[in-house]
Amino acid sequence: MKGLRKITPYVPGRQPNYPDIIKLNTNENPYPPSPKVEKALRNFDVEQLKSYSSIDNSLLKNALGSKHTLSSDHFLIGNGSDEVLAFCFLAFFNSADPILFPDITYGFYKVWADLFQIPYKELPLTANFEITTDDYTQLNGGLIIANPNAPTGLFKPLSEIEQILNVNQEVIVIVDEAYIDFGGQSACSLVDKYPNLIIIRTFSKSSSLAGLRVGYAIGNPEYIKIAESIKSSFNPYSVDSLAENLAVAATEDESYYLDITKQICETRDWFSETIATFGFTSLESKTNFLLVTHPKISSEPLYHYLEAHDVFVRYFPKIERLKNYLRISIGTQEEMETVSQLLRHYTKTALTTI
Ligand SMILES: *Cc1c(COP(=O)(O)O)cnc(C)c1O
């Protein structure tokens, strides 16, 4: 057949959907969305669905503007931050020079670069899985960095992000802040100082709305407008009315989300300390997941053991340096207690039979 496109797609964590599983493989939030979201859902007028959704998403942009104290023309809204990222790749990465990103990061960056035929260069993380700031000074056609990075969970201080922005003023620097609410410091304060900065946010992780599919970009209005023109050339109504309405309700309930985020961070730190007592080490996470390893336990059989006990975590066998790691999303305190007991039991059994 002529004209067919072959591409290696992004493969997300599995979505098993039978009851009583502990699902810790896609960094979803274990807590429900804000009660205000539920209320907005109940009050949503179904008649509204007769009409096309908003083309400028001004309700959500205004709500986000108040939250971030920026004018509404700093925002681009999309159907999940994955879509926003795709629009930004198309809008900003059109140079013949390669875009740069770490070799271990969100797997989708490479998929989009391939899909859109953008030249790219993957820069190796250090042995400690850190991003080397100086690597990002070489000739490039743009940069994308997840901060905190995934699946490492490590956060790069804002001063280093600023350094990267400073030496790359001729290109767009995308900072993907999918996990920023779990302990990092947002680069939002740098948006007015560095027009080359585009920040990507999502409602999927800290706002417990992965199924709603809403994400956004924050940046200089001039460049946001260019990304808007990509959206308008592709699917101008990509955010449906119900999604926009509920995302506004979520944006307006900061206190609820502060509470659940704090709980998740506490559970994360408790879990990391607890499993350390039976030999697991975790990278210092500023996210809602931990990248864990054990000096005497192989990840693959442990992954299958957890799965056999209906606990789903993420294993990356194709990434050589992560072969002996597991990425575990942080669930409720109760779920993590169950997981820690399973890990304790497995470790005890495995180590006495060696
Ligand atoms: C989860 C995630 C996304 C995608 O989020 P959606 O808004 O659900 O599409 C983007 N970037 C990173 C680093 C993520 O972990």
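Computed from a predicted structure; not experimentally measured. Throughout, a residue's number is its position along its own chain's written sequence, starting from 1. For a predicted model such as this one, the threshold for reporting local features is a pLDDT of at least 70, and the threshold for listing and counting side-chain atom pairs is 80 or more; totals across whole chains, interfaces and linings nevertheless cover every residue. With hydrogens and water stripped out, all remaining heavy atoms of the structure feed into the side-chain values.

### Considering the domain arrangement of the protein chain
Item 1. Each domain's extent is set by a domain assignment, obtained either automatically or from a database. The domain architecture assigned to the protein chain consists of domain 1 (22-31 + 255-352) and domain 2 (35-252).
Item 2. Taking only C-alpha atoms, the centre of domain 1 and the centre of domain 2 are 27 Å apart.
Item 3. Taken together, the 26 residues of domain 1 in the interface contact 28 residues of domain 2.
Item 4. As a working definition, buried area equals the accessible area (1.4 Å probe) given up by two parts on being put together, with both sides summed. For the pair domain 1 and domain 2, the summed buried area comes to about 2000 Å², and 63% of that belongs to carbon and sulfur atoms.
Item 5. When residues of domain 1 are sorted by the area they lose upon contact with domain 2, Tyr 257, Lys 286 and Arg 321 head the list and together hold 33% of the total.
Item 6. Whenever a nitrogen or oxygen atom comes within 3.5 Å of another N or O atom, the pair is scored as a polar contact, on the condition that within protein one atom can donate a hydrogen and the other can accept it, and that pairs from neighbouring residues in sequence are kept only if both atoms are in side chains. Taken together, domain 1 and domain 2 are joined by ten residue pairs in polar contact (both at pLDDT 80 or more).
Item 7. A helix here means a DSSP run of H or I that spans at least four residues, while a strand means a run of E at least two residues long, and both kinds are numbered starting from the N terminus. Elements with a minimum of two residues in the side of domain 1 that touches domain 2: helix H8 (254-276), strand S10 (289-293) and strand S12 (325-329).
Item 8. Among the elements that line the side of domain 1 that touches domain 2, the one with the most residues is H8, at seven residues.
Item 9. Gly is put with the polar residues, along with every residue not named as nonpolar or charged; the nonpolar set is Ala, Val, Leu, Ile, Met, Phe, Trp, Tyr, Cys and Pro, and the charged set is Asp, Glu, Lys and Arg. For the side of domain 1 that touches domain 2, the class distribution of residues is 13 nonpolar, seven polar and six charged. Contacts are residue-level and defined by heavy atoms, with any inter-residue pair within 4.5 Å sufficient.

### Structural notes on the UniProt feature "domain: Aminotransferase class I/classII large" (unreviewed entry) in the protein chain
Item 1. The UniProt record annotates "domain: Aminotransferase class I/classII large" (unreviewed entry) at residues 20-339.
Item 2. Note that residues 20-339 is 36% helix and 15% strand, and that its end C-alpha atoms are spaced 13 Å apart. UniProt positions are given in the numbering used here, feature names are shortened, and annotations may be inferred rather than shown by experiment.

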